[in-house]
Structures are given as structure tokens and as C-alpha cells.
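Report on the structure
The chain contents come next:
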Amino acid sequence: MSSIIQLLPDHVANQIAAGEVVQRPASVVKELLENAVDAKATDIKLIIKDAGKSLVQVIDNGSGMSVTDARLCFERHATSKIRQAEDLFSLCTKGFRGEALASIAAIAHMEMKTKQDQDELGTHIIIEGSKFVSQEVAVLPKGTSFAVKNLFFNIPARRNFLKSDTVEFRHVMDEFQRVALAHPNIHFTFYHNGSEMYNLPAAGYRQRIVGIMSGKTNEKLVPVNEDTEIINVQGFVCKPEFAKKNRGEQFFFVNDRFIKSGYLHHAVMAAYDGLLKDGSQPSYFLFLQVPPNTIDINIHPTKTEIKFDDEQALYAILRASIKHSLGQFNVAPVLDFDRDANLDTPYHYKDLEAETPTIQVDGTFNPFTDDKTNQHYSKANSGSGSGSSYSSGSSFSSGSGSGSGSYSGYNKRVEPTATWESLYVGLDTGSPETIESSPFTFENEEVTSSLFNDNEIEQASQGTYQIHKKYIVSPIKSGMVIVDQQRAHQRILYEQFLLNMTVNQASSQQLLFPLNLFYSSDEMTLIEELKPSLETTGFVFEDAQTDHIVISGIPVNITESEVSLVIEQLLSDLQDGIPANSYSQNDTIAKSMAKSLAVKTGSYLTEKEQDNLVNGLFACKDPNISPFQKPTFITMRVEDIDKKFAL
């Protein structure tokens, strides 16, 4: 029998490896940016076209490569980062496997220009699908430039699986932000289709965060700083009042490498315990420095997962440091039962020096002179007697003896107040016979009554009831209907919004003071695309800047305080991409707005609100299910209830 096992050609092996390393244009951006950082570059430019599908170019001023290294870097497992297996436990660089450039070159048209500082000429190499097309000497500046064109040109199936340009651009933006946040000492520039998206000069952590997110981020940040023997924690967390619905602005960096860790995220959430609303997520930018030999990076192809030696200690330190920062900056309340808030020094008096108080003395004051008020109410007493007392009626009454006394200021005679005994004057306390002969009549016949009268029973049979502030029970002829109030309201609002966006002209209410809402740059890109659809629901946009929008009108069924919640929920639902066709886009917007505006479980509803909700549900075109394909009500027949009682 002939042998059937054979070695794969290099270009086939590279394409297989590319499936793990390069999943989308954002993967190319990540690998090239990290190589530029490892080359000790201080200025890095990222240029992309068509969300990276047509072009991804990274230009740096790093150390560059020699002629031999320039040719060798495209081979598999060729790297300058490590020499032996032990180096994996002391990594100080981003890359170490030596697969990225070989994988990218196998599935794209690649062009590289590189030159070292001490060389007079550089190297220009062109590769198409792992095949070297040309290698020439060229006059180049110091550094390296990689241009990746026509990604997945030889793998059509993978190219067809790419998402829309908007989604792919958002992934590219995420990778750029992660690398730029981890290295604030490097000047980053980002261009997309000829437009400058970011220009981030070298700065500190706070300035880099504000430069990437938005100008309003600065007032949200609370610094975190803790240095221990096993970990150094630096960075910022956001105040609880700025928590969001989604988990977009949450960044962990370990040794300047972005990672994802549900365990560490739980530590942050534990530090915010009791400070956040249900479903809210805090934003944080935390930079952790640990000894390289205590972590293992080589467990995932994307290197975003890390194993720690002592996770429990890191959990405790991270939670304690964040909790300390929130309490130190008076973000979280501090329980101190011995503290008297009245003794706190106000902020504007804290730095002032004490002054001797000035005392004014009235030298003409004589405590023994009669006051005018006392003179007005001077008493004129005459006669003799003893035991005179002042009564509340402003008159004197003599206890014994002869004589009289009165106030000179008050001569009015006050009638004596009637005593409690006067309440019973005229009441006949005679015998029972006398009472029976009185004109009053008493009901002496036996009274029989039921727990519910007929009118109440008839009225109650037409009413609705709320159970556990979650379900509404309404009686019908065959039994009863139990309605889920949240899902029913979602269905009602969904059909209303969809009708306004497709058929009717939505009405809008103008705001007396326009709303200024601030968002990050990628969120502003989403809002710009959603503006036409939002305007059909009743929103009126007065202005849109790079980091905020101005809203002057809102739909009639939305309150002013709910606007930010609606838009935030909408951005969270559309973070994976906006549907291409208009109907799917309107459907997604209507679902998102219905979800955020529907009455929540646990809300008390009056009887009128219950009736309106039930009537509105059964007036819908499809009252059986919510917009998210869940049942809105169930029906229980009398026969089913009878079976429950049958023994």
C-alpha cells in the first residue's frame, strides 16, 4: 500500500495559519501596530481604505530592518523577539510567534519598505500570496512601512464572510484604540479614506484617554494608584453616575498588552457594589504591571487571554484599590458613625487663616431700666388680698379677701370656657321605658349582609388586577387572561414606532432648552448614520459636532430624561452593525426604543393604566408575541381551573 501522508507546501500551510491569526482587517491592523511598537517607534501612522478591505498601511519611524531581516521576516516562525523556550516566561514584546507577517503575506498583496538608521539605502519588497514578486534597493526614510492590499484576494469565501464597512471599521477602531491607550508615549495618527480620524500626540494616560474618547471624559475619571510587591495598578475608573448599558469603555492592560478577563472584571464590579443601577456597567481604564514570569500569554492565538499565577491576590488587590479610590475622592459614601458633618470645614474656608473676631459693646445698655414693652404692660393693682393669679384670659382672679386687679392694657372680658360636662347637658338619663318613648327610633331588626354586594360583584367582574407588579389579570367569558405588562407594552410601542417610521409622519415636541449629549467618536459615527431614521420617529437634531449632538425636539411619547437612555440602548443594540436595508434598520430601531421605553417589571400601574395596556395590546396586529418573539399573554379557562381543584 502506498503512503498517503505528505507535507503541505509552505503557501498552503501559511493560508491555514492565516485562518487563526488573520480573521478580518482589524487583525492585520493589530499585528502591524504591535510590530511598530516593538520596533521602538515614537511616531506611528495608520492609513486604511474601505475599512481595511482595500488597504491597511502602517508607517513607523522605528529601528527598521537590514536586507537579510527584510527577506527573512516573511518566513514562518521567524522572529527577533525570542531565542529559546525559556524566553516565553520573560516576554517584554508584543509578538513572539513569528507567524503574523507570513500569514498576512499568504492572503494579500503586501508591500514593505524598510531602512535602518545607519544604512544609506533601504529595501523595497513586494509579495503576492506568499510569492516574492520583487526586491529592490530604494531611498527611504528611517523606519518601516507595511502596505497590505486586497485582503483575502485568494480566499473568496473568507472575503464574502466579512461584514459591512461600518462593522469592519468599528473593529479596526477598537484595535487602534487598544494599542494607542497602552502606549501614550507614542504619537499615533489614524486616517480612513483620506480623512483624519485621530491625531494623538505623546502625552500621559489621562490625556490619551480624553483624546480617544471625548472631551467630557475628563470629568468622569477617578484615578486609581496602588503599588504592591506582586502588582502595580494604575489607571482610572469612571464615576458611578456615568455608568452605561454596554461594556464598550472597559480596558484591562497587563504589561502594556490589552487583555480580556471576566475574573478581573468581576473584581471591578465588586468594588462598585451598591453604587450602580441594575444592568449598568462602569467604564474603566486599568494598567496592571506584573512580573513577566507570573503570567502565561501563549494560550490564545489573539493573545487577549492571560493566565495568572495568583489570581485570588490580584482580585483582592484590584477590588480594594478601586474601592479605596472611590472612597478617597468622595465618590462612594463612607460609614463613620463618630463623624459629625457639621464640624467639617467648608472648602472655601479650608486655606484661610484664623482672624480674631471683633466684639461690639453697647456702653449705654442698663439692664435695670424698664423696657417700653414692660411699661406698656404695667400692672395697676389695688385693694388687699392674697393669692392673686394670672389666668389665660388676661384677667386677675382673687383667691380670697377683698379687692380686685386688672391689666391696664386689656379690659376686655373673656367668657369662661365651657367644661366637658356641658356636652351632656339635656341628655335624659331616665329608665329604659323613658328611652323607648323618646322620638328617636332604633333599628332593632336583624341585619343580614354579604361580603360583596351585587353592584360590587358586577363591577369587579369587568376590572383588571395587577399581580406582583408584573402580570395583569383580566377576566373574560371563558376564564381569564394573564398579561405580561413589560412584553405587552413592548409590542404596543414597537408597532407605534414602526408605523410612524414607515407610514405616518411622527409628531415631535420642541424642548425649551436643547439637550447636549456627549459621545465617543465611534458612537458619533453610528449616530450620524442613524439620524435619518431617528428623525422619522420624532427626534429633531439641531447640531452635531465631533463629540456631541444637540437635540431640540423629541417624540411625544418620550420624556426629556429618557432621551439619553433611549440613544444609549440603541447604540448598544447596534454595536454589531447597522442593517443594510432600510426596513431592517427601522425594525431594529423600533425594537430598541420599545425595549428601553416599555414599563418595567416591578412598576405599579393604576387600574386605568392596566385597562389601557390590555386594550392597547389586543388592538395590535400581532398581540400574541413581543417584538423579541416571546409570548405576551396566556389564557386560563374555567375548565382548567376546575381541574386544579378536582381531587
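These lines cover the structure that appears in this document, whether it is placed above or below. (Residues numbered from 1 in each chain as written. Predicted model: local features only at pLDDT ≥ 70, side-chain atom pairs only at ≥ 80, totals over all residues. Heavy atoms only, no water.)

**So, the overall build of the chain**
Each helix and strand counted, the chain has 18 helices and 26 strands in total. In the chain, once contacts between residues fewer than 6 apart in sequence are set aside, the share between residues at least 24 apart is 66%. About 39,000 Å² of surface is accessible on the chain, with carbon and sulfur atoms providing 51% of the total. (Helix = DSSP H or I, 4+ residues; strand = E, 2+ residues; numbered from the N terminus. Contact = heavy atoms within 4.5 Å. Areas by Shrake-Rupley, 256 points an atom, 1.4 Å probe, with all protein chains shown as cover.)

**Focus: the sheet that holds strand β10 (residues 232-238)**
Strand order across the open sheet formed by five strands is β9-β10-β13-β11-β12, with mixed pairing between neighbours. Each edge of the sheet is formed by a strand with only one pairing partner; in this case those strands are β9 (221-227) and β12 (257-259). Shown here is a sheet whose adjacent strand axes are inclined to one another by a mean of 20 degrees, direction ignored. One ladder, built from five bridges, connects strand β11 (residues 250-254) with strand β13 (residues 284-289); its direction is parallel. Counterpart to F253 in the pairing with β13 is F287. Strand contacts of helix α7 (residues 205-212): β9, β10 and β13, with the helix running at about 40 degrees to β10, the strand carrying the most contacts. (Pairing = 2+ DSSP bridges. Axes fitted to C-alpha atoms, helices over the stretch in contact; angles between N-to-C directions.)

**Observations regarding the sheet that holds strand β6 (residues 143-149)**
Strand order in the open sheet formed by eight strands is β5-β4-β3-β6-β2-β1-β7-β8, with mixed pairing between adjacent strands. Each having just a single partner strand, β5 (131-138) and β8 (195-200) make up the two edges of the open sheet. Between one strand and the next, the sheet's axes are offset by a mean angle of 10 degrees, whatever the strand orientation. Across the sheet, helix α2 (residues 25-38) lies against β1 (43-49), β2 (55-60) and β6, angled at about 10 degrees from β2, the strand it touches most. With respect to the sheet, α7 is in contact with β7 (187-192) and β8, its orientation differing from that of β8 by roughly 165 degrees.

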